[in-house]
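Listed below, chain by chain, are the residues.
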There are 2 protein chains.
Amino acid sequence: MYSKLWLNYEAKENGAIVISEGFDTSKPVYINAVKELLNAGILSESTIRIVKACDESLGEEGYILSNENGDYIIKANTEKAVIYGSFRLINLLRCGEKLSVSKKEIPANPLRMLNHWDNMDGSIERGYSGSSFFFENNDVVINRRTEEYARFVASVGYNGIVINNVNVKQAACDLINDRFIDKVKALSELFDSYGVKLYLSLNYAAPIEDPAVASADPLDEKVIAWWEEKMKYIYSKIPGFAGFLVKADSEGRPGPFTYGRNQAEGANMLARAIKPYGGVIIWRCFVYNCRQDWRDLKTDRARAAYDYFHNLDGLFEENVVLQIKNGPMDFQVREPVTPLFGGMEKTNQMIEFQIAQEYTGQQRHICYLIPWFKEVLSFETYAKNAIGNGTTVKDIVSGRTYKRPMAGMCAVTNTGNDYNWTGHDLAAANLYGFGRLCFDPELSAEDIAKEWIALTFGSNEKVVNNILKMLMMSWPAYEKYNAPLGIGWMVAPHEHYGPDPDGYEYSMWGTYHKANHETIGLERNSTGTGYAGLYNEPWASCYEKVETTPDELMLFFHKMPYTHVLKSGKTIIQHIYDTHFEGAEDVEVMNSLWQELKGLVPEDSFERVNGRLEHQLYHSKEWRDVINSYFYRKTLIPDEKGRELY
Amino acid sequence: MYSKLWLNYEAKENGAIVISEGFDTSKPVYINAVKELLNAGILSESTIRIVKACDESLGEEGYILSNENGDYIIKANTEKAVIYGSFRLINLLRCGEKLSVSKKEIPANPLRMLNHWDNMDGSIERGYSGSSFFFENNDVVINRRTEEYARFVASVGYNGIVINNVNVKQAACDLINDRFIDKVKALSELFDSYGVKLYLSLNYAAPIEDPAVASADPLDEKVIAWWEEKMKYIYSKIPGFAGFLVKADSEGRPGPFTYGRNQAEGANMLARAIKPYGGVIIWRCFVYNCRQDWRDLKTDRARAAYDYFHNLDGLFEENVVLQIKNGPMDFQVREPVTPLFGGMEKTNQMIEFQIAQEYTGQQRHICYLIPWFKEVLSFETYAKNAIGNGTTVKDIVSGRTYKRPMAGMCAVTNTGNDYNWTGHDLAAANLYGFGRLCFDPELSAEDIAKEWIALTFGSNEKVVNNILKMLMMSWPAYEKYNAPLGIGWMVAPHEHYGPDPDGYEYSMWGTYHKANHETIGLERNSTGTGYAGLYNEPWASCYEKVETTPDELMLFFHKMPYTHVLKSGKTIIQHIYDTHFEGAEDVEVMNSLWQELKGLVPEDSFERVNGRLEHQLYHSKEWRDVINSYFYRKTLIPDEKGRELY
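Here's what I pulled together on the structure shown here. (Residues numbered from 1 in each chain as written. Chains lettered and ligands numbered in written order. Predicted model: local features only at pLDDT ≥ 70, side-chain atom pairs only at ≥ 80, totals over all residues. Heavy atoms only, no water.)

All names here are of chain A. Each pocket or cavity is described by its volume, and for the second largest pocket that value is around 770 Å³. Glu60, Glu61, Lys80, Pro110 and Asn159 are the residues nearest the centre of the second largest pocket, which is lined by 40 residues in total. Examining the composition of the lining of the second largest pocket, we find that three residues originate from one element, strand β6 (residues 111-115), more than from any other. Its residues assigned to classes, the lining of the second largest pocket comprises 17 nonpolar, 13 polar and 10 charged. (1 Å grid on protein atoms, 1.4 Å probe; cavity = no way out; pocket = protein on both sides within 12 Å on 5 of 7 lines; lining within 4 Å. Points joined across faces, edges and corners; volume = space filled by probe spheres on them. Helix = DSSP H or I, 4+ residues; strand = E, 2+ residues; numbered from the N terminus. Nonpolar A, V, L, I, M, F, W, Y, C, P; charged D, E, K, R; others polar.)

Structure, rendered in structure tokens:
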């Protein structure tokens with residue numbers, strides 16, 4: 001049993017007539033598109049014409065939707081674009097759009113992907129929505145739910161998914177061997193039939209296990225030959241296979257560093273082996289020393305991705321894409337944008353977000369992340385030597401800035417086997433929203449949310465308004481009651497859930513706040529680790545000085561006394577107290593907004609969200625009191641407003 | 001494969017002659033005793049006479065050992081006592097004792113037990129020596145290793161073991177059902193044949209699972225009948241079964257409180273059901289609210305056992321024994337003695353220690369615990385109305401003080417499937433030592449250690465001296481680099497390993513230190529939680545006042561400024577710095593002492609201990625620096641000696 005999410009209309013023959021002009025109507029992806037149109041109640045008794053466009057500007061994935069005298073027209077160049085257009089048509093009409101003016105939509109990002117961190121035993125690393133629907137008991141699962149998932153993904157324009165965890169171990173190594181390859185092929189064909197390419201995470205160390213090779217050195221002829229043979233095998237089985245995502249030299253995973261090679265040498269070896277077949281290697285830049293001594297003040301984990309990759313610009317093969325996390329640390333509720341965007345001109349780049357709410361409430365707290373992603377994407381990098389239009393993050397990751405052939409956006413996904421797919425009913429807004437944002441980063445977070453609410457809960461004004469308010473206030477609220485001012489990491493180790501101000505303070509993970517009686521923060525300007533200087537000007541100068549550093553990142557960049565007065569006019573300590581009380585109060589507001597919807601949203605959904613809100617009410621107060629007490633005990637500076645601290 | 005520990009002599013026929021006078025030589029326990037004598041090399045070509053003593057003063061477990069013109073005589077009343085005497089004779093001779101004067105030894109404690117926290121899946125709760133040797137894959141294991149373990153246990157005079165975890169779940173519930181009862185019987189007979197009674201932990205909630213009962217209310221007739229039937233069944237299968245250990249109303253386990261009954265009502269219900277068969281119910285007093293709000297300053301976990309049990313004195317059946325932890329919290333490296341000893345006159349009491357080093361280095365650190373246990377046992381309770389001799393803890397738990405029929409000592413054991421049984425080769429000193437201490441609490445920690453070293457490593461003077469020094473300095477060293485001055489709990493949650501000063505500070509476990517910029521500690525005198533007042537005088541007055549509270553417990557009893565000057569003449573903060581530097585230095589000393597033994601102890605043992613010491617050297621510095629940094633950052637008071645703080 002599973003919910004239908006934003007495709008929650010009854011699917012049954014609707015009497016519509018579909019007329020095809022110029023398409024190969026035997027292609028599975030085309031057949032599925034027509035099926036969707038013939039089954040959507042909103043198109044009841046309509047005539048839909050699907051017309052081959054032969055319009056170069058639409059590319060392979062764009063479409064034009066229009067309404068000509070009551071007939072709906074979908075124009076596109078490819079069958080794949082037809083399925084995106086069909087879902088979009090259905091969604092638009094369901095949102096009340098009349099198409100009185102035709103709509104031409106072309107995805108901004110070539111790659112629009114979801115990364116599943118699913119393990120073959122059915123568990124999901126950082127999964128908060130039940131077990132995997134791709135794997136269980138060390139086998140691949142293909143069933144009705146798989147196809148339903150393909151529909152969701154296609155319906156918001158994602159065009160790629162990586163189905164297995166980037167930490168590839170045990171049985172997952174066999175996804176590219178006889179044991180599972182036929183099942184991977186079947187999965188791949190299923191997703192292809194919805195216009196979505198299937199990727200695998202790859203075990204860089206695989207040839208080590210072959211006694212005849214016993215190495216993963218990217219310059220070793222035997223290793224090269226091993227991968228050439230492996231790619232030949234894979235493509236002989238799955239001719240349309242998309243490619244691989246690789247996590248190497250990270251958090252205990254072997255990689256080129258193990259053999260004294262750089263990251264480009266590692267990525268290129270794989271890229272050359274897969275190139276003859278048109279495949280792509282997506283190489284993660286999440287490389288840092290995870291065995292740091294906490295006493296060591298010189299090493300700064302924030303520098304790592306930049307330091308390891310910046311100098312390799314131009315050295316990567318054309319079919320390599322670097323997958324770069326949005327920030328320099330790891331999906332905290334607030335981080336600066338990584339300086340690597342704006343630091344490479346001749347390298348394919350893709351941004352990695354996380355809609356799995358690892359550090360943002362684990363789908364037990366409401367945290368609509370699209371506003372945060374919008375901020376990141378709009379960040380002006382001041383990248384030099386642009387040959388295309390724009391140098392914001394979204395320009396760079398779309399490939400526009402330097403006219404790169406491959407580029408895009410991806411997110412670690414938030415899905416699992418739970419009835420509602422995403423643990424929290426409202427977390428589906430991130431799954432929907434991220435797809436829409438990949439397609440069109442210019443959409444506002446509000447508009448995306450409104451679409452999702454209307455499709456999911458219908459267009460009752462109170463329902464739309466209240467849920468919209470809840471979503472839009474949720475990320476700011478979470479930030480308020482979390483670690484303050486960009487410092488991050490005040491979270492329980494391992495689980496990454498719940499407050500633990502010193503949880504990562506004396507560990508090897510490179511994530512320190514160094515709070516003492518008077519000050520907090522690691523100095524990251526030129527007198528400290530020099531991280532601020534990695535940015536292009538004027539950011540480097542901006543972050544260098546306390547006076548010009550934005551309040552919300554103050555403790556990320558500077559070691560500050562608690563009594564420092566922020567631009568807001570408040571001292572840091574009072575800012576901490578105030579935001580933490582506010583954050584918990586915001587959850588009360590969200591809860592009241594939801595209570596008003598009793599009877600207006602489906603009862604089961606109401607109760608599920610209620611259960612999660614009850615926990616969030618409790619847990620946001622836990623955050624509030626632990627963080628405030630931590631700082632109060634450390635400073636003994638009382639709250640100006642005399643509220644209770646413990 | 002497993003080591004022979006302190007019975008590491010080659011067992012083969014030695015030409016000895018055993019003459020039995022008055023015993024039933026067909027009893028398995030007697031046969032085993034004779035087998036041990038005939039196999040011990042030290043008795044080569046000797047004549048041993050085993051003589052029925054008919055000496056009431058020896059009781060059922062005492063014996064007299066003597067040497068008459070080169071013949072060894074074992075006198076005892078029972079076959080069971082003969083096996084204790086036989087092992088003791090072998091051990092004494094192996095330690096160089098000549099028995100020129102006869103030795104009469106009678107165990108001080110009626111119950112001398114080990115508690116295994118082994119789960120049926122083979123895991124061990126708080127086990128640090130590999131998997132269980134009693135269970136694997138949800139089945140009972142009986143093999144050569146089981147018998148070897150029975151020998152170890154008998155050889156130091158333990159007379160009871162509880163083989164399964166006190167948290168009884170899943171398959172373990174079937175240990176008293178058809179599924180496993182025959183295997184339990186076989187195990188029971190095996191241990192009986194070494195003079196050791198086998199006990200089980202019992203699931204108090206078991207009748208809830210029976211749909212015809214669906215309750216565990218101790219006053220419910222159906223529940224009573226269910227247990228009567230169950231006991232009848234168990235004893236029909238295992239007539240000599242010893243009894244049960246019960247953890248109820250603790251850490252999520254159901255119990256009488258669930259039904260509004262008190263602990264005596266719960267224990268007595270079971271005791272009455274088992275009484276017809278001569279069985280015993282051992283009832284744990286580890287009952288406290290493990291869902292405390294950390295903001296709540298009034299509830300004091302330290303009071304819990306006393307508050308729940310003190311008023312029930314005299315209400316327990318004669319075949320109930322209360323099993324009471326040594327301290328009011330939970331096996332910390334330093335706690336006061338629980339005030340419950342000295343607070344009950346008409347109740348059978350047994351002390352529970354833990355040689356599984358849950359909070360004392362998990363058998364990766366050396367921590368010889370016998371000196372600590374000696375301190376606890378020698379604590380003067382000033383118990384009132386004594387009718388026997390003595391009112392120290394050891395007097396009370398031996399049953400002497402109030403002439404109780406049942407009493408004794410037990411420890412959560414430190415054994416598992418590792419080659420060396422106890423994870424750390426030197427941790428076997430606790431397994432050996434605790435047995436000896438149960439038998440004779442007057443033995444010194446040094447003498448026990450010397451025996452164990454001689455039996456295990458031989459009597460080379462350097463070996464004995466160095467290991468003795470290592471053992472004797474190990475608990476004080478661990479205390480020095482751990483949480484200071486009795487405050488406890490500065491440890492990583494869940495794992496209970498490694499420093500985490502605030503790890504339990506904002507949690508529900510009732511274990512708070514409340515450290516702020518100026519002070520640390522929870523006030524437990526009459527101005528605070530009143531815990532100090534639970535002791536008999538003069539302890540109540542002593543702990544009431546800072547001036548008379550011993551330094552080592554200062555932060556357990558009082559909320560103190562870091563600048564307070566201790567009796568040692570040092571401020572608390574300087575005491576913290578000094579002890580933490582000292583503790584890590586002590587480990588360097590232990591390591592040097594061990595390095596001197598290369599070539600003098602078996603190579604494999606040398607290397608195993610070396611590996612653990614290498615970790616302890618690193619980890620004691622981690623403790624030192626984290627604890628010192630925590631307090632330095634909180635206070636910004638520098639070290640008087642200018643050593644580096646982080």
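In this section: the interface of chain B and chain A. One frequently used descriptor of interface size is the decrease in accessible area upon assembly of the parts. Across the boundary between the two partners, chain B contributes 24 residues, which contact 24 residues of chain A. In total, chain B and chain A occlude about 2,300 Å² of area from one another, counting both sides; carbon and sulfur atoms represent 55% of this. A per-residue breakdown of the area chain B buries against chain A is headed by B:Arg295, B:Tyr506 and B:Arg633, which together make up 33% of the total. Close ionic contact of B:Arg295 with A:Asp625 constitutes a salt bridge, the shortest N to O distance being 2.5 Å. (Contact = heavy atoms within 4.5 Å. Buried area = accessible area lost by both parts, 1.4 Å probe. Salt bridge = Lys/Arg side-chain N within 4 Å of Asp/Glu carboxyl O.)

Let us now look at empty space enclosed by the protein. Summed over all chains, the structure comprises 19 cavities of 30 Å³ or more. In this structure, the largest cavity spans a volume of roughly 130 Å³. As for the largest cavity, its lining consists of 14 residues, of which B:Cys285, B:Phe286, B:Ala305, B:Gly327 and B:Pro328 are closest to the centre. Put simply, the parts of the chain that give the lining of the largest cavity at least two residues each are α7 (304-309) and β13 (320-325) of chain B. Ranked by the residues each element gives to the lining of the largest cavity, the list is headed by β13(B), at three residues. Broken down by class, the residue content of the lining of the largest cavity amounts to nine nonpolar, three polar and two charged. What the second largest cavity holds in volume is close to 100 Å³. In terms of lining, the second largest cavity is formed by 13 residues, of which the most central are A:Cys285, A:Phe286, A:Ala305, A:Pro328 and A:Met329. Its residues placed into classes, the lining of the second largest cavity shows nine nonpolar, two polar and two charged.

It is worth spelling out helix α1 (residues 28-39) of chain B at this point. Residue and element names in this part refer to chain B. For α1, spanning 12 residues, the distance from its first C-alpha to its last is 16 Å, which sits close to the expected 16 Å at 1.5 Å a residue. Within α1, burial applies to Val29, Tyr30, Asn32, Ala33, Val34, Glu36, Leu37 and Asn39. Looking at the buried side of α1, the elements it contacts are β1 (17-21), β2 (47-52), β4 (71-76), α2 (79-94), α3 (144-155) and α4 (178-192). (Expected span 1.5 Å × (residues − 1). Buried < 20%, exposed > 50% of the residue type's maximum accessible area, 1.4 Å probe, protein only.)

When chain B is brought onto chain A, the operation consists of a screw motion whose angular component is 180 degrees and whose axial shift is 0.0 Å, with 0.0 Å RMSD remaining. Between the two chains, the operation in question is that of a two-fold axis. Residue B:Lys634, judged by its C-alpha, is the member of chain B lying nearest the rotation axis, at 2.8 Å. A shared interface surface links the copies, since 100% of the contact residues of chain B are contact residues in chain A too. (Least-squares fit on C-alpha atoms with pLDDT ≥ 70 in both.)

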